[in-house]
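# Summary of structural features
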Amino acid sequence: MIEILHLSKSYGSHTVIRNLSLHIEKKEKVAFMAPSGCGKTTLFRLLSGLESPDSGSINANPSMAYIFQEPRLLPEFTVLENVMAVLSGKNKRERAQNWLLAVGMAGHEQKYPDQISGGMAQRTVLARALASEKEIFLLDEPFQGLDDESRKELIALTGNLLKNQTLLLITHNEEEARALCSRILYFEEGMNLRAEVHT
Ligand SMILES: Nc1ncnc2c1ncn2[C@@H]1O[C@H](COP(=O)(O)OP(=O)(O)OP(=O)(O)O)[C@@H](O)[C@H]1O
Ligand SMILES: [Mg+2]
């Protein structure tokens, strides 16, 4: 499903990813843990094709939904319209409403991104990612900044709704990694794999 071979990426003289190889199976749930600045987001940007590697290769199913580290909603669209924007086919409004209901955003459909809280924005980007019906989900610290209760709720929800998808989760939170992933990868500088744990 995802095959990364000898991947390297530098910015100027700073090598962010050095010779990384990784294989991820279909439907696998993998957590990426590493100190800040080690290159986790850079790896996701390479996987999703937003950036190109200097060397090495990535072979992956292109059906990917990417939840960015900062929730990115279209500011001129309502919550509902943000979700509808990724849908095609019939009954877009109803389908978008159902995804919003699933993430606990019912009743907020007509609000604009600047009228909702950070946690609500995170729920909305999750609804939008789910609505896109992709096979691979790249989640870059999707639960940061949420209160404990919302975090737990959204983690459980994500686990339930992504059962049949491949999940790559960047997190600094061990508990979150264990709740959602069966394989936890610990990286250090240069995205060198330091340890791997199967839960
Ligand atoms: N476009 C860019 N130009 C120059 N340097 C960059 C660029 N993007 C990232 N970097 C650098 O690459 C390194 C890795 O950044 P990255 O955002 O991938 O880290 P991260 O592991 O996601 O960190 P965090 O946990 O804080 O989100 C950092 O030193 C960063 O400054
Ligand atoms: Mg990052």
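Being a predicted model, the structure only gives us computed values, none of them experimental.

## Let's talk about the packing of helix α3 (residues 92-102) against helix α4 (residues 118-131)
For the pair α3 and α4, interaxial distance at closest approach is 9 Å and the crossing angle is 130 degrees. Classified by the angle their axes make, α3 and α4 are oblique. Like other packed secondary-structure pairs, α3 and α4 cross with a definite hand, here right-handed. In this structure, α3 uses Arg95, Ala96, Trp99, Leu100 and Ala102 to contact α4, whose residues at the interface are Ala127, Leu130 and Ala131. Grouping the amino acids of the contact of α3 with α4 by side-chain chemistry returns seven nonpolar, no polar and one charged.

## What to know about the nonpolar core
If you look at the biggest cluster of nonpolar residues, it comprises 57 residues, and the most contacted ones within it are Phe32, Leu138 and Leu169. In terms of residue count, the dominant contributor to this core is α4 (eight residues). Among all residues touching Phe32, those that are not within four sequence positions of it are Lys40, Leu168, Leu169, Ile170, Leu185 and Phe187.

## So, the site of ligand 1
Within the structure, ligand 1 sits among Tyr11, Val16, Ala34, Ser36, Gly37, Cys38, Gly39, Lys40, Thr41, Thr42 and Gln69. Of all the elements, helix α1 (residues 40-47) adds the most residues to the shell around ligand 1, at three residues. Among the residues forming the shell around ligand 1, the class breakdown is four nonpolar, six polar and one charged.

## Details of the sheet that holds strand β2 (residues 14-24)
As summarised here, the arrangement of the three strands in space is β2-β1-β4, forming an open sheet in which the pairing is antiparallel. On the outer flanks of this sheet lie β2 and β4 (55-60), each paired with one strand and no other. Shown here is a sheet whose adjacent strand axes are inclined to one another by a mean of 20 degrees, direction ignored. Where strand β1 (residues 2-11) lies against β2, seven bridges are found, and the strand directions are antiparallel. Across the sheet, Tyr11 pairs through a bridge with His14, a residue of β2.

## Section: the domain arrangement of the protein chain
How big an interface is tends to be stated in terms of the accessible area lost upon association of its parts. When the domains of the protein chain are assigned, the result is domain 1 (1-63 + 134-199) and domain 2 (74-133). Opposite the 10 residues of domain 1 that make contact, domain 2 presents 11 residues. The dominant element in the side of domain 1 that touches domain 2, judged by the number of residues it contributes, is helix α5 (residues 148-161), at five residues. Taken together, the residues of the side of domain 1 that touches domain 2 sort by class into six nonpolar, three polar and one charged.

## Describing unusual backbone geometry
Phi at Asn91 is positive, roughly 50 degrees, even though this residue is not glycine. Take Asn91: it is sitting in the loop between α2 (79-84) and α3. You can call Asn91 exposed: it has 10 C-beta atoms within 10 Å. Positioned with a positive phi, Glu133 is a non-glycine residue whose angle comes to about 50 degrees. Tracing the backbone through its elements, the reader meets Glu133 in the loop between α4 and β6 (136-140).

Conventions we followed
- Residues numbered from 1 in each chain as written.
- Chains lettered and ligands numbered in written order.
- Predicted model: local features only at pLDDT ≥ 70, side-chain atom pairs only at ≥ 80, totals over all residues.
- Axes fitted to C-alpha atoms, helices over the stretch in contact; angles between N-to-C directions.
- Helix = DSSP H or I, 4+ residues; strand = E, 2+ residues; numbered from the N terminus.
- Parallel < 35°, antiparallel > 145°, perpendicular 65-115°, else oblique.
- Left-handed = near helix turned anticlockwise from the far one by under 90°.
- Contact = placed C-beta atoms within 7 Å.
- Nonpolar A, V, L, I, M, F, W, Y, C, P; charged D, E, K, R; others polar.
- Core = buried A, V, L, I, M, F, W, Y, C linked by C-beta atoms within 7 Å.
- Buried ≥ 20, exposed ≤ 12 C-beta atoms within 10 Å, placed from the backbone.
- Near = placed C-beta within 6 Å.
- Pairing = 2+ DSSP bridges.
- Domains from an automatic or database assignment.

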